[in-house]
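A closer look at the structure
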Amino acid sequence: MVRNAARDMNVFGDRNFRLVVFVLLGCVLLVGWYAHTDGFALGLRIATDGFSVLEVLEARANPDGFARDFPGGARLTTANSLTIYLYFLIQDLTGLDGLRILYLMIMAELVTLLVGAWILWAALVAQFDRAVGTDPVQFKLAFVWIALLLVVSNLQRANMANFGFPFFHGQFYGFADGFRLAALGLALRQQWARAAIVFAICFSIHPIKAVVGISMAGAFAVFVWRSLVSTRVIIAALLAGCVCGTWYWFQLRSDGAPVPLNDFVAYTRTLQSHWYPVDLRLFDELHLRGLSPFSAVLVASVLALAQPGWQPLARRQLLFGLAALLVLVVFGLYVSVDQSSAALIRVSLVRASTLITLLAPFLLVAGVLLAWKRGNWVVAAGLIAFSMASFSFGSGLVNLSLVFVLGLATFHLATRNGFDVPLLAAVVAGTGALLWVTINTNLSLDSVEVAGSAVVFFGVFALLFAVTERFRPTAMAWIITFAAIGGGVLYANDKATQARWSHPVAAAYREAQLWAKENTAHDALFMVDPCRTYGWRDFSGRPSIGTIREWYMTSWIYIDRFDLLQKGRAYAKSLGFDMEPFRNEPFGTPRICDAARKLYYDPTLAGQRRIAADHDVDFFMLEKAFADDWIAQMSARFAFENEHFAIIAATRLD
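One structure accompanies this document, and this report is about it. Quick caveat, the model's predicted, so the values are computed rather than measured.

1. As for the overall build of the protein chain
Counting its secondary structure elements, the protein chain contains 31 helices and four strands. Rg of the C-alpha trace for the protein chain: 26 Å, near the compact-globule value of 26 Å for 654 residues, within the 12% margin. Counting only residues that meet the buried cut, the protein chain has 58% of its 654 residues in that class. Sequence-distant contacts, at least 24 apart, represent 76% of the contacts inside the protein chain between residues at least 6 apart.

Written as structure tokens, this is what we have:
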């Protein structure tokens, strides 16, 4: 009965309207492509930030030169994803340069995500009661809303692991999310054999995302465990297990000596961005990047599941799945505070919160439709207003108001017969979170008020629901669609505009890299500013001795090689930099950079001379912004110079 519900509801009829939906989804893809390539200026971002697949392709083209490279982390992580072989295949077949392939792969990443999302959405629609009724226009346009919320909104940013999703870089995040969404959709339909195979593919792209997704699918299975007892499912599970085990053994396992736990914790706490949420102050001063928006999204999702119209089994499965993910989040938080296992810290189970925020668009939109069908315009308008607020790129997290959604959930509890225990628990937890941040932070009125945009949206949509429902219900679906498209376009433009502030420096840095590729030996070894993130190898195609972040974290965090930490320490010692005073210092990067740059931009260039002598470095990159006035006096000694950067050969240091 469940399997045929979508067909019975005629959700996927009418060929002409289907074409309209595909055109709208094409527009979503184009807007997302524009947003996540920084307004089609992707090369400038990569030149500055690095950590891209281009570095892998450059190393593949220049293996002898990169034998001298200090592995900063990009190749060691990107090369472990199945998607890297697509790059190799496309490049070998077409001869395209890496940047053009990357643009194509980002579009493929977006398409993969939306295909997986479509599979999950169809499965969720199949979980609605037959009594809900049907409107093909609503259900199809609702997927366009979901696509926009997934691709060009801040909704996924409201997680407890400080991940800036949505983020598409053509490597693994969007691909893995697409596959695990599809697998969860198959699991809801009890197609376990197919789900197992899809999860295995997901594991080969991003193991941790797959493991978190499997945890939720396991929660689904608790209620229908008999459906797993079949020869087909067992064989598929064994095959999937063999694929995952083989991939881990040959791609992910490290043979080197592990980094000592005290060093692992000390340096990652200082330089990390995701693994220690308490250190990142996501529960107090920076709660608007963590606890508050995540709590709001969670309460809103449970409110959506509380709407009448879900089949009881599906509602229990989804609620239990969210609970299972919350258990992982809590355990991940404990691990990050306990700090007794490098392996568990590395897995970062707090990132289970990113699956909750990834699923939120589906649940919220489903809740809108179900509340709408019951004539509950207040909840429908409130959930739409809450979702629409997430299209604000700059202040979207503030606009995901915990106060607003708690009020909406309380209204629902007060106006229905009987208590909804999961929703009541979510309201209590959300209220507790609000009290926590109020007591433990200097909370301004601006940060706790019901966000103005959400209130305005709520009033407008409530009025429109009342008017259109009386005259032409389908019109409301179109109004929401075009409002969401407008919000997505604004988000994309804001994101691209924000990136443009760095274009002059990025263009100058890329120019320096291209000069190095054209004018230096294939194995010329470079050193760049020690506080650069990762960018250098991606366009230069030349090896680097790395930076402080690479020496003391990203070269060994995922492959656990103590020899790389030791090598990084040797580089730091030659520069004269001592990392030990900064151990276990969250947010220590500014002080680290002050100390390192003071050494690197010493007018005597003593640190560079020591590094050249100790490690046979051929060229040094200098950033004029940190070199004061003395750099102008050295212009005649530079091998390369532009407005922002200069390169000096080791032979010209004296």
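2. Examining a nonpolar patch on the surface
On the surface, Leu-82, Tyr-85, Ile-197, Ile-201, Leu-239 and Val-243 cluster together into a nonpolar patch covering about 460 Å² of accessible area. Going through the elements one at a time, helix H11 (192-205) and helix H13 (231-252) are the ones with two or more residues in the nonpolar patch. Tracing the sequence through the fold places Tyr-85 in helix H7 (residues 84-94). Looking at Tyr-85, the relative accessible area reads 39%, which means it is partly exposed.

3. Looking at unusual backbone geometry
Cis peptide bonds are those with omega within 30 degrees of zero, and the linkage from Phe-165 to Pro-166 qualifies with 5°. You can see Pro-166 is positioned in the loop between helix H9 (136-151) and helix H10 (173-188). Despite not being glycine, Gln-190 shows a phi value in the positive range, around 65°. Looking at the element boundaries, Gln-190 is found in the loop between H10 and H11.

4. Here's the deal with the environment of Ser-254
Mapping Ser-254 onto the fold places it in the loop between H13 and helix H14 (261-271). For the pair Ser-254 and Asp-560, spaced 306 residues apart in sequence, the C-alpha to C-alpha distance is 6.5 Å. Those residues in contact with Ser-254, other than ones at most four positions away along the chain, are Ile-559, Asp-560 and Arg-561.

5. Some details on the pattern of salt bridges
Under the defined criterion, the tally for this structure stands at 25 salt bridges. One salt bridge connects Arg-583 with Glu-580, and the closest N-O pair in it is separated by 3.2 Å. The exposure class of Arg-583 is partly exposed, given its relative accessible area of 24%. Residue Glu-580 is classed as partly exposed on the basis of its relative accessible area, which comes to 38%.

6. Quick notes on the pairing of strand S4 (residues 645-649)
Side-chain positions along a regular strand alternate between the two faces of the sheet. Within S4, five of the five residues are buried, which leaves it mostly tucked inside the rest of the structure. Where burial is concerned, the two faces of S4 agree: the one with Phe-645, Ile-647 and Ala-649 and the one with Ala-646 and Ile-648 are both buried. In this sheet, S4 lies alongside strand S2 (residues 619-623) in antiparallel orientation, the contact comprising five bridges. Across the sheet, residue Glu-623 finds its bridge partner in S4, namely Phe-645.

7. A look at the side chain of Ser-292
Secondary-structure assignment places Ser-292 in helix H15 (residues 291-305). Overall, the relative accessible area of 7% leaves Ser-292 in the buried class. Filtering out sequence-adjacent residues up to four positions away, Ser-292 remains in contact with His-287, Leu-402 and Val-437.

8. Considering the packing of aromatic side chains
What the rule picks out here adds up to 32 aromatic pairs. Taking the centre distance of 6.4 Å and the plane angle of 85° together, the rings of Trp-33 and Tyr-103 count as edge-to-face. In this pair, Trp-33 sits in helix H2 (residues 15-36) while Tyr-103 sits in helix H8 (residues 98-125), placing the two residues 70 residues apart along the sequence. When the centroid spacing of 6.3 Å and the interplanar angle of 85° are considered together, the rings of Trp-515 and Phe-619 count as edge-to-face. With Trp-515 in helix H26 (residues 503-519) and Phe-619 in strand S2, the pair connects residues that are 104 residues apart, well separated along the chain. Across this residue pair, the class does not change: Trp-515 and Phe-619 are buried. Taken together, the ring pairs connect Tyr-509, Trp-515, Phe-526, Trp-536, Phe-619, Phe-640 and Phe-645 into an aromatic cluster. Sitting over the ring of Phe-539, Arg-510 keeps its end group 4.4 Å from the ring centre. Over the ring of Tyr-509 we find Arg-532; its NZ or CZ atom is 4.4 Å from the centre of that ring.

9. Remarks on the sheet that holds S4
What the four strands build is an open sheet, ordered S1-S2-S4-S3; its pairing is mixed. Strands with a single pairing partner mark the edges of an open sheet, and in this sheet they are strand S1 (526-527) and strand S3 (640-641). Where S1 and S2 come together, two bridges link them in parallel fashion. Looking at S2, one finds that Met-527 is bridged to Phe-620. Where H26 meets the sheet, its contacts fall on S1, S2, S3 and S4, and the angle it forms with S4 comes to roughly 25°.

10. Focus: the side chain of Ser-301
Along the chain, Ser-301 falls in helix H15. Exposure remark for Ser-301: the relative accessible area of 1% places this residue in the buried category. Beyond its immediate chain neighbours, meaning those up to four positions away, Ser-301 contacts Ala-360, Leu-363 and Leu-364.

11. Description of the nonpolar core
Counting 160 residues, the largest nonpolar core has Trp-121, Trp-145, Leu-184, Phe-362, Leu-383 and Phe-386 as the members making the most contacts within it. Core analysis: the next-biggest nonpolar cluster, separate from the first, contains 47 residues, Trp-556, Tyr-601, Val-617 and Ala-627 among them.

12. Quick look at the packing of helix H12 (residues 207-221) against helix H18 (residues 352-373)
Taken N-terminus to C-terminus, the directions of H12 and H18 make an angle of 65°; their axes are 9 Å apart at the nearest point. Taken together, H12 and H18 sit at an angle that is classed as roughly perpendicular. The two elements H12 and H18 meet at a crossing, and its hand is right-handed. Residues Val-212, Gly-213 and Met-216 of H12 pack against Ala-352, Leu-355 and Leu-359 of H18.

13. Overview of H26
With 17 residues, H26 extends 24 Å from end C-alpha to end C-alpha; this agrees with the ideal 24 Å at 1.5 Å per step. When H26 is considered as a whole, its buried residues turn out to be His-503, Ala-506, Ala-508, Tyr-509, Ala-512, Gln-513, Trp-515 and Ala-516.

14. Section: the state of the cysteines
When the sulfur atoms of two cysteines share a covalent bond, that bond is a disulfide. According to the stated counting rule, one finds one disulfide in the structure shown. The disulfide partner of Cys-531 is Cys-593, and the gap between their sulfur atoms is 2.3 Å. As the torsion about the S-S bond is roughly -115°, the Cys-531-Cys-593 disulfide counts as left-handed. Of this pair, Cys-531 sits in the loop between S1 and helix H27 (537-540) while Cys-593 sits in helix H30 (residues 589-600), and the two are 62 residues apart along the sequence. In terms of burial, Cys-531 and Cys-593 fall into one category: buried. This cysteine, Cys-202, is not joined by any disulfide, and Cys-244 carries the nearest cysteine sulfur, 9.0 Å off.

Reading guide: rules and limits
Think of each chain on its own: its residues are numbered from 1, step by step along the sequence as written. Predicted model: local features are reported for residues with pLDDT of at least 70 only, side-chain atom pairs are reported and counted for 80 or more only, and whole-chain, interface and lining totals are derived from all residues. Note that the side-chain values use all heavy atoms of the structure and ignore hydrogens as well as water. To qualify as a helix, a DSSP run of H or I must reach at least 4 residues; to qualify as a strand, a run of E must reach at least 2; elements of each kind are numbered from the N terminus. Based on C-alpha atoms, the radius of gyration is set beside the globule rule, defined as 2.2 Å times the residue count to the power 0.38. Each residue gets one of three labels from its accessible area relative to the maximum for its type: buried under 20%, exposed over 50%, partly exposed in between, using a 1.4 Å probe on protein chains only. Any two residues whose heavy atoms approach within 4.5 Å are treated as being in contact. Like charges within 9 Å and nonpolar side chains (Val, Leu, Ile, Met, Phe, Trp, Tyr) within 5 Å are joined into patches, using only residues over 30% in relative accessible area that form no salt bridge. Accessible areas in this description were obtained via Shrake-Rupley with a 1.4 Å probe; residue shielding takes into account the shown protein chains only. Should a side-chain nitrogen of Lys or Arg be within 4 Å of a carboxyl oxygen of Asp or Glu, the pair is scored as a salt bridge. Pairing between two strands is assigned when DSSP locates at least 2 bridges connecting them. Two rings belonging to Phe, Tyr or Trp (six-membered ring only in the last case) form a pair when the distance between their centres is within 6.5 Å. Interplanar angles under 30 degrees mark stacking, angles over 60 mark edge-to-face geometry, and anything in between is tilted. Charges are assigned to positions over rings by a cutoff of 6 Å between ring centre and Lys NZ or Arg CZ, combined with an angular limit of 35 degrees from the ring normal. Between N-to-C directions, angles cover 0 to 180 degrees, with each direction set by a line fitted to C-alpha atoms, over the stretch in contact for helices. Definition of nonpolar core: a set of buried residues of the types Ala, Val, Leu, Ile, Met, Phe, Trp, Tyr and Cys, connected through side-chain atoms within 4.5 Å. An angle below 35 degrees is treated as roughly parallel, one above 145 as roughly antiparallel, one from 65 to 115 as roughly perpendicular, and anything else as oblique. By the definition used in this description, the sense in which the near helix is turned from the far one sets the handedness, with an anticlockwise turn below a right angle giving left-handed and a clockwise turn giving right-handed. Helix span is expected to be 1.5 Å times the residue number reduced by one. Any two cysteine sulfur atoms within 2.5 Å of one another count as a disulfide.

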